[in-house]
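The chain contents come next:
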Amino acid sequence: MASVGGATLYSEQLPPAMLQRRSANYQPKTWDYDSICSMQYANKPSKQISSVEASLKQRVRQLLLKEDQEVATRLRIIGQLQSLGVAYHFEEEITRILMSMHVHDAYLLLKHDLSSTALLFRMLRAHGIPASTEILGAFCDGTGDLEAANPSLDSDGLVALYEASYLAFPGEAMLDRARAFAVKRLQELMPSMKPFQREKIRDVLLDLPLHWRAPRLQTIRSLEEHRGDLYETCRDIIDPSVLQLAVLDFNLVQAVHRSELLEVTRWWKETGLGEKLPFARDRLVECFFCAACIAPEPCLAGCREVLAKVGALIVHLDDVYDLYGTLDELAMFTDAVGAWSSAAAALPEYMKAMYSAIRSTSAAAVDRVMEEQGYDVLPLYKKAWHELCKAFLVEAKWQHERTMPSLDEYLDNGWITSTGPLLLLHAFTMLQHTQQQDSWLRDDDDDGSKDMVYPRLVELCSRVFRLCNDRATHEAESEQGEGPSFIACHMAEGSGGASEEDARGAVADAIAETLKEVNREVAFRNTGAANSLCVNLARIIQGIYRDGDGITSPTDSRKRLVKDLLFTPADLDICDPLGERYTDG
Ligand SMILES: CC(C)=CCC/C(C)=C/CC/C(C)=C/COP(=O)(O)OP(=O)(O)O
Ligand SMILES: [Mg+2]
């Protein structure tokens, strides 16, 4: 075997033309599929657990709706429910409360409370309810900047402001300045803080902002923060029923996710792709993890299933295009997907396996949508797979022919190859409320000749996907001799004089600006569950590509996160009135 640009060449199938195939020697799969398939799990919560859950929900609802509750307290409770992952049980109540706070200018009641005002701003925007930056006006000087001398700017207020600044729309420079100010003030205050508090602020500043954390991962973190010493300090400001419900709900949802993981693992084993394409990354569990972060609620089982399956297939397919396939084979495969018939006899064996897995997985998803919603999504699936393959082929050509596209050309193709559009399309088709997704799934293209038209939010979140992926993978991919990335294109752009550092700055700016566009799109086009899928995709992608490439090379800390999400029940030692521990299954 020879080695080119750090990648090893496969030579076992050499035909006369001295075909050489590449392999990146990827890390093997991390999880043992046989162990997952032999796991025991409870199918349904016991009657007793269900009744405890119902009474806890009732208690929390009463707390939320209590008359004469102060605005600040109500906001704090909503924030806690959200952070602990149980807000979805009270979505109608929460939206009603926030809408009323908007209509009645509730911010006027929070005059000297930056912490609550910033929280109100963040909550309103996150729910697609109008919120002007003027809400924060009471804390600003005559030029609209935060007033350093303002006594209400304590560390809680500064943290809340910092978190709120991530809800900015494009052009809201006041929020950029507010964030810079909050960071600077917090850093100045840190030396005089107690160690525990200093640690907390350091975490806030180093981690993703709350708005961009995957909700389910935030729940794990929030439950963790309520343990031990920290729990003692929080006990007086969080109602125990909120915490009890959060622990119970986390474990019930985890049991649902785990049973689904078992099913998709069986499916993956049956495809045999792990053995038939040994050069490719086998990342089923990581894909299920992403799926559970994008669509966490129990009622979104169909979304999780299809996201995990399509995710595992495209991780394999990407390696076919980027690594192993010859250009001729890739062109043939792309045509076969376009034709979507069983006429794929000319494909090499490894491609036939891939092709057949794509078709049979799509057929099963089509059946499910037909059964549950009564319409045929096969034309959409076919077109979306073909578009992905065509875009993958464009990248493969750039790589094989060593061409560097312009940055615009690269990004026009790159948001499709991020795979975001294909994933989101599949997830949308599994949503229940047909009117909500109507405009997202329109296809008036009878002869299949037109390109898919994706909603702007899909395009924006897919751009975030592409940019985050390129930022994390540029180094490894250039060592492997892979094709262009945002960073490579940026460095080659213009006179070609930009350094890698400049290019990294440009990618960070592009991500930040695109996220602002995502915020604006969410605010002005509130399409409920479909929106959440997109935004949660943008969230988990930022997490997965933070500190490296969590798909290609999962580190121990990533594995622990997968374990915490899917296998380790929450346990705060909180007991219900019957003395039962809140775990099930
Ligand atoms: C369910 C769900 C959301 C799963 C998503 C999992 C995930 C992040 C899949 C990555 C898909 C992808 C673009 C793979 C290529 O990786 P690469 O680094 O080789 O990218 P490139 O070849 O496109 O640059
Ligand atoms: Mg790749």
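Residues numbered from 1 in each chain as written. Chains lettered and ligands numbered in written order. Predicted model: local features only at pLDDT ≥ 70, side-chain atom pairs only at ≥ 80, totals over all residues. Heavy atoms only, no water.

Draft legend 1. How the structure looks around the overall build of the protein chain. Within the protein chain, the regular secondary structure consists of 25 helices and three strands. Sorting the 585 residues of the protein chain into buried and exposed places 54% on the buried side. A separation threshold of at least 6 residues defines the contact pool for the protein chain, and within that pool the share at least 24 residues apart is 74%. Put simply, the protein chain shows about 26,000 Å² of open surface, and 51% of that area lies on carbon and sulfur atoms. (Helix = DSSP H or I, 4+ residues; strand = E, 2+ residues; numbered from the N terminus. Buried < 20%, exposed > 50% of the residue type's maximum accessible area, 1.4 Å probe, protein only. Contact = heavy atoms within 4.5 Å. Areas by Shrake-Rupley, 256 points an atom, 1.4 Å probe, with all protein chains shown as cover.)

Draft legend 2. Structural detail: the coordination of the magnesium ion (ligand 2). Surrounding the magnesium ion (ligand 2) are the protein donor atoms Asp318 (OD) and Asp322 (OD), at 2.0 Å. With Asp318 and Asp322 both in helix 14 (residues 301–324), this residue pair falls four residues apart, about one helical turn. The exposure classification of Asp318 matches that of Asp322, with both residues buried. (Donors = N, O, S within 2.8 Å, 3.2 Å for Na, K, Ca; no water.)

Draft legend 3. Structural view of the site of ligand 1. If you check the shell around ligand 1, you find 23 residues, and the closest are Asp318, Asp322, Arg466, Asn469 and Glu477. At 2.5 Å from an oxygen atom of ligand 1 is found a side-chain nitrogen or oxygen belonging to Asp322. Alone, ligand 1 offers 600 Å² of accessible surface; in the complex the protein occludes 98% of this. Broken down by secondary-structure element, the contributors of at least two residues to the shell around ligand 1 are helix 13 (284–294), helix 14, helix 21 (456–479) and helix 24 (529–544). Class assignment of the residues belonging to the shell around ligand 1 gives a composition of 12 nonpolar, five polar and six charged. (Near = heavy atom within 4 Å. Polar contact = N/O pair within 3.5 Å; in protein donor to acceptor, adjacent residues only side chain to side chain. Nonpolar A, V, L, I, M, F, W, Y, C, P; charged D, E, K, R; others polar.)

Draft legend 4. The arrangement of helix 9 (residues 215–225) in detail. Every buried residue belonging to helix 9 is among Arg216, Leu217, Gln218, Thr219, Ile220, Ser222 and Leu223, and all of these are buried. Where helix 9 is buried, its residues meet helix 3 (71–83), helix 11 (240–271), helix 13, helix 24 and helix 25 (556–566).

Draft legend 5. Expanded view of the confidence of the model for the protein chain. Averaged over the protein chain, the pLDDT score is 88; the fraction of residues at 70 or greater is 88%. Contacts of residues 1–17 to residues separated by more than four positions or lying in other chains number 34 contacts, the stretch itself having pLDDT below 50. Of the regions scoring below 50 in pLDDT, residues 581–585 engages in 25 contacts with residues more than four places distant in sequence or in other chains. At the level of chain-chain contacts, confidence expressed as ipTM amounts to 0.96, with global pTM at 0.93. (pLDDT = per-residue confidence, 0-100.)

Draft legend 6. The side chain of Glu395, seen in detail. Tracing the chain through its elements places Glu395 in helix 17 (residues 378–400). Of the side chains with opposite charge, Arg466 comes closest to the buried, unpaired Glu395, at an N-O distance of 4.1 Å. Filtering out sequence-adjacent residues up to four positions away, Glu395 remains in contact with Asp322, Tyr410, Asn413, Gly414, Thr417 and Arg466. (Lys, Arg positive; Asp, Glu negative; His and termini not counted. Salt bridge = Lys/Arg side-chain N within 4 Å of Asp/Glu carboxyl O.)

Draft legend 7. Focus on the domain arrangement of the protein chain. With domains assigned, the protein chain is organised as domain 1 (2–30 + 272–563) and domain 2 (47–246). Per-residue buried area on domain 1 facing domain 2 is highest for Lys516, Asn519 and Arg539; these three make up 33% of the total on that side. Across the contact surface, domain 1 and domain 2 share one salt bridge. Put simply, Asp176 and Lys516 hold a salt bridge, and the shortest N to O gap is 3.0 Å. Linking domain 1 with domain 2 are six residue pairs in polar contact (both at pLDDT 80 or more), by the criterion used here. Those elements that place two or more of their residues in the side of domain 1 that touches domain 2 are helix 13, helix 23 (500–524) and helix 24. With nine residues, the top contributor of residues to the side of domain 1 that touches domain 2 is helix 23. Taken together, the residues of the side of domain 1 that touches domain 2 break down into 13 nonpolar, five polar and six charged. (Domains from an automatic or database assignment. Buried area = accessible area lost by both parts, 1.4 Å probe.)

Draft legend 8. Region of the structure containing the pattern of salt bridges. Summed over the entire model, instances satisfying the criterion amount to 25 salt bridges. Glu93 is the partner of Arg61 in a salt bridge, and the nearest nitrogen-oxygen pair spans 2.6 Å. Residue Arg61 is located in helix 2 (residues 47–65), and its partner Glu93 is located in helix 4 (residues 91–103); the two are separated by 32 residues in the primary sequence. Judged by its relative accessible area of 23%, Arg61 falls in the partly exposed class.

Draft legend 9. The arrangement of the packing of aromatic side chains in detail. Summed over the entire model, instances satisfying the criterion amount to 13 aromatic pairs. A centroid spacing of 3.8 Å and a plane angle of 0 degrees characterise the contact between Phe279 and Tyr324, whose relative ring orientation is stacked. In this pair, Phe279 sits in the loop between helix 12 (273–276) and helix 13 while Tyr324 sits in helix 14, placing the two residues 45 residues apart along the sequence. Measuring from ring centre to ring centre gives 6.1 Å for Phe333 and Tyr355, while their planes differ by 80 degrees; the resulting arrangement is edge-to-face. Of the two residues, Phe333 is situated in helix 15 (residues 327–339) and Tyr355 in helix 16 (residues 349–373); the sequence distance between them amounts to 22 residues. One exposure class covers both Phe333 and Tyr355, and it is buried. An aromatic cluster is present here, built from Tyr321, Phe333, Tyr355 and Phe392 joined pairwise through their rings. Positioned above the aromatic ring of Phe169 is the side chain of Arg125, whose terminal nitrogen or guanidinium carbon lies 3.7 Å from the ring centre. If you follow Arg281 out to its NZ or CZ, it ends over the ring of Tyr26, 5.1 Å from the centre. (Phe/Tyr/Trp six-rings, centres within 6.5 Å; stacked < 30°, edge-to-face > 60°. Lys NZ or Arg CZ within 6 Å of the ring centre and 35° of its normal.)

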